[in-house]
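# Structural features, examined
This is what each chain is made of:
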Amino acid sequence: MGVQKASASIALECVPDLGTFRPYMLCDKGDLWQNYTGDPSTTTTVVPDFTVAANQPVISAYLQSSRKAGFEIADEIYFSLGAAEIGHITRIGASYSKTLNPAWGGAFALLSPGENPAGVYGLKIVKNLVGLTGGTGGVIAVKHMVSEGASVSEFTDSMAFRISEMTTNGDKVVIEAGGANGFVITEKSEKVTLKAAYYSGTSKITTGVTYEWYRQQAGANPGDANLANWAKITTATTDTLIVGADDIDTSRLYMVIVKKDGSYAGQDTQIVYDKSDVYEVEIDANPPTKKVKAAGDTVELTCAVWVVGSNAPLSIKNDTWAWMANTPAGTPIVLTNTSVTNTLSVPYADIEGKASGALIVNIQVEFELA
């Protein structure tokens, strides 16, 4: 047999290192929810009523890059209601092309960064979700498409919305954004306004109501199972809290407790981001979906400190990490595993068993430059 030959070729390319990306979604109304009475397909009693312009939520889709200040504007973004695509926006140079699924005409509006006060892609809800979903809750999801050289990377996130039929008077407390900045500070001089709203059944209540505001702080109220790691803001006694850049280290969680005629009515939390800070804590989750499905599953969290706009994690020493956890309403959760390092393993039992499927984990770090 003679000499045999074979050949192959492969194309190689250099893809710029754009670092890690962290997508997150914020609604200017805080929690995304609606209560209704009667048949969801015909009811006219819906609170809050999204057909009223002042009540229409805007969901902002942020994409944070560890390599740059400000926010990344993806080449394309897709919004979905569950698995059904609502529409997408494509960036073409300095212009934006919008494609809204005709099935959702009159229900949603796609917003380019220039149309959204937050300066990022947005989705406005202009019709009640109650009728669109048949009275059931779900999720609104986003998918960012970012070009890196000749390749494209996807980054996804989702936001839950809750819909409830009101057969009796139930209480609901929410924290809404009280200004155009939403819940994000981008310059040191900016402030954001948190505004608490209290609903009983389908009515918004403002008389006989008192407010207590707290900010999450590691070690506060030790031994208090209800307020562990929550520091009271004694100067805040109205429905409004103004927060400045000096109050936040990259991000901070705030909570309001509402009482009606002296009795507990409800509580809610809201995270506020400060993108004017020099330091950024990046959190990598494994699996990236941050979801568990069955007993034995875990979410592994690993953190690093970056200088905004740098191309590598910061070299630090004598670093101490404080991990705190709570439900979306602010109820403290005692984690199974403890850590003072930059890594933490969160088991299924914490996420599902202790927090009923929705757990917020917050990290604070103190460090010295190496």
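What comes next concerns the included structure. (Residues numbered from 1 in each chain as written. Predicted model: local features only at pLDDT ≥ 70, side-chain atom pairs only at ≥ 80, totals over all residues. Heavy atoms only, no water.)

### A closer look at the sheet that holds strand 9 (residues 121–125)
Taken in spatial order, the 4 strands make up an open sheet running 1-4-9-8, and their pairing is antiparallel. Each of the sheet's edge strands pairs with one partner strand only, and the pair in question is strand 1 (21–27) and strand 8 (108–111). Each strand axis lies, on average, 20° off the axis of its neighbour in the sheet, ignoring direction. The pairing of strand 8 with strand 9 spans 4 bridges and is antiparallel. When the bridges of strand 9 are listed, leucine 110 appears paired with leucine 123. (Pairing = 2+ DSSP bridges. Helix = DSSP H or I, 4+ residues; strand = E, 2+ residues; numbered from the N terminus. Axes fitted to C-alpha atoms, helices over the stretch in contact; angles between N-to-C directions.)

### Some points on the side chain of serine 276
Position of serine 276 relative to the elements: it lies in the loop between strand 20 (263–274) and strand 21 (279–286). Within the structure, the side chain of serine 276 is placed 2.5 Å from the side chain of aspartate 274, a separation counted as a polar contact. Sequence-distant contacts of serine 276, that is, excluding residues within four places in its chain, are made with Ile185, Thr186, Glu187, Lys188 and Ala245. (Polar contact = N/O pair within 3.5 Å; in protein donor to acceptor, adjacent residues only side chain to side chain. Contact = heavy atoms within 4.5 Å.)

### Observations concerning the nonpolar core
Counting 70 residues, the largest nonpolar core has Leu32, Phe79, Ile140, Leu194 and Trp213 as the members making the most contacts within it. Among the elements that make up this core, the one with the highest residue count is strand 19 (residues 251–260) (6 residues). Those residues in contact with isoleucine 140 that sit more than four places away from it in its chain are Met25, Leu32, Ile59, Ser80, Leu81, Leu123, Ile125, Asp157, Ser158, Met159 and Phe161. Residues Val281, Val292, Val299 and Ala325 belong to the second largest nonpolar core, which totals 18 residues. (Core = buried A, V, L, I, M, F, W, Y, C linked by side-chain atoms within 4.5 Å. Buried < 20%, exposed > 50% of the residue type's maximum accessible area, 1.4 Å probe, protein only.)

### Remarks on the packing of aromatic side chains
Overall, the coordinates contain 8 aromatic pairs when judged by the stated rule. Ring centres 5.1 Å apart and planes at 15° place the aromatic pair tyrosine 24 and tyrosine 62 in the stacked group. With tyrosine 24 in strand 1 and tyrosine 62 in strand 4 (residues 58–65), the pair connects residues that are 38 residues apart, well separated along the chain. Side by side, tyrosine 24 and tyrosine 62 carry an identical accessibility label, which is buried. Relative to tyrosine 199, the ring of tryptophan 33 lies with its centre 5.1 Å away and its plane at 70°, an arrangement referred to as edge-to-face. Separated by 166 residues along the polypeptide, tryptophan 33 in strand 2 (residues 32–36) and tyrosine 199 in strand 14 (residues 191–200) bring together distant segments of the chain. Of the two residues examined, tryptophan 33 and tyrosine 199, each falls in the buried class. Taken together, Tyr24, Tyr62, Phe71 and Tyr273 form an aromatic cluster joined through their ring pairs. (Phe/Tyr/Trp six-rings, centres within 6.5 Å; stacked < 30°, edge-to-face > 60°.)

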